[in-house]
Amino acid sequence: MRRLLYLLPFLLFIGVGVAFFLGFERDPRDIPSALIDKPAPTFELPAIPGQMVQGQPVQGQPGAGGLSSARLAGDVTLVNVFASWCIPCKAEHPVITRLSREQGVTVYGINYKDKPEDALTWLSRNGNPYAAIGADQDGRVSIDWGVYGVPESYLIDRKGRIRFKHVGPLTPQVVEEQILPMVKHLRQG
């Protein structure tokens, strides 16, 4: 009996180790979203301070170059949460650009907790594929969307409901196998 008492801490340590190891096998992109098939959160975000739209400075008001939930209804769109300091965002940027410019999907951006000058420099350097960008400088709107980290992307249907969420950078494979078929389906349905 005493022997068993000495073995108990060892067995407990092994059990915790196994549970910890099994937790690493989970893919963090498989985090379920409670917002799937629900309306996108109601929000209004101003444009990135200093942002130009059609050669004119934006006054920092939603709807004047910024982004609001009202803009998401009417067509199938993709909302991409990004930041200039995000390394995976830079990796996915050519995919977002191709999706917007070559594959006919309207893409909106939510710029997450970014310094305006850094975001503008990043967009100038890498190109701006977004139909509109909202500056979420304090991260509150992103919290309402259920953002765990950047980048994250959400496919929105014509009625403004979230139909798909992707955590992490979009890849050509994700676009071809998941996003584009769902866009086609949602546009037909």
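Note that the structure is predicted; figures quoted are calculated from it, not measured.

With that settled, the discussion passes to the confidence of the model for the chain. Of the residues in the chain, 76% reach a pLDDT of 70 or more, and the chain-wide mean stands at 85. Segment residues 24–30 is flagged for pLDDT under 50; beyond a separation of four residues in sequence, or across chains, it makes 3 contacts in the model.

This structure, assessed with the given rule, holds 1 disulfide. Between C86 and C89 runs a disulfide, and the two sulfur atoms are separated by 2.4 Å. Disulfide C86-C89: the torsion about the S-S bond is 85°, which places it as right-handed. Grouping residues by exposure puts C86 and C89 together as buried.

So, about the packing of aromatic side chains. Two numbers describe a pair of aromatic rings. These are the distance of the centres and the angle of the planes. By the definition in use, this model includes 5 aromatic pairs. Seen from their ring centres, F82 and W122 are 5.5 Å apart, and the 25° between their planes marks the pair as stacked. Placement of F82 in strand 5 (residues 77–82) and of W122 in helix 3 (residues 116–126) is noted, with a sequence separation of 40 residues between them. W122 matches F82 in its accessibility class, with the two residues each being buried. Ring centres 4.8 Å apart and planes at 10° place the aromatic pair F82 and Y130 in the stacked group. Separated by 48 residues along the polypeptide, F82 in strand 5 and Y130 in the loop between helix 3 and strand 7 (132–136) bring together distant segments of the chain. Both residues of the pair, F82 and Y130, belong to the buried class. A network of ring pairs unites the aromatic residues F43, W145 and Y154 as a single cluster.

Conventions we followed
Residues numbered from 1 in each chain as written. Predicted model: local features only at pLDDT ≥ 70, side-chain atom pairs only at ≥ 80, totals over all residues. Heavy atoms only, no water. pLDDT = per-residue confidence, 0-100. Contact = heavy atoms within 4.5 Å. Disulfide = S-S within 2.5 Å. Buried < 20%, exposed > 50% of the residue type's maximum accessible area, 1.4 Å probe, protein only. Phe/Tyr/Trp six-rings, centres within 6.5 Å; stacked < 30°, edge-to-face > 60°. Helix = DSSP H or I, 4+ residues; strand = E, 2+ residues; numbered from the N terminus.

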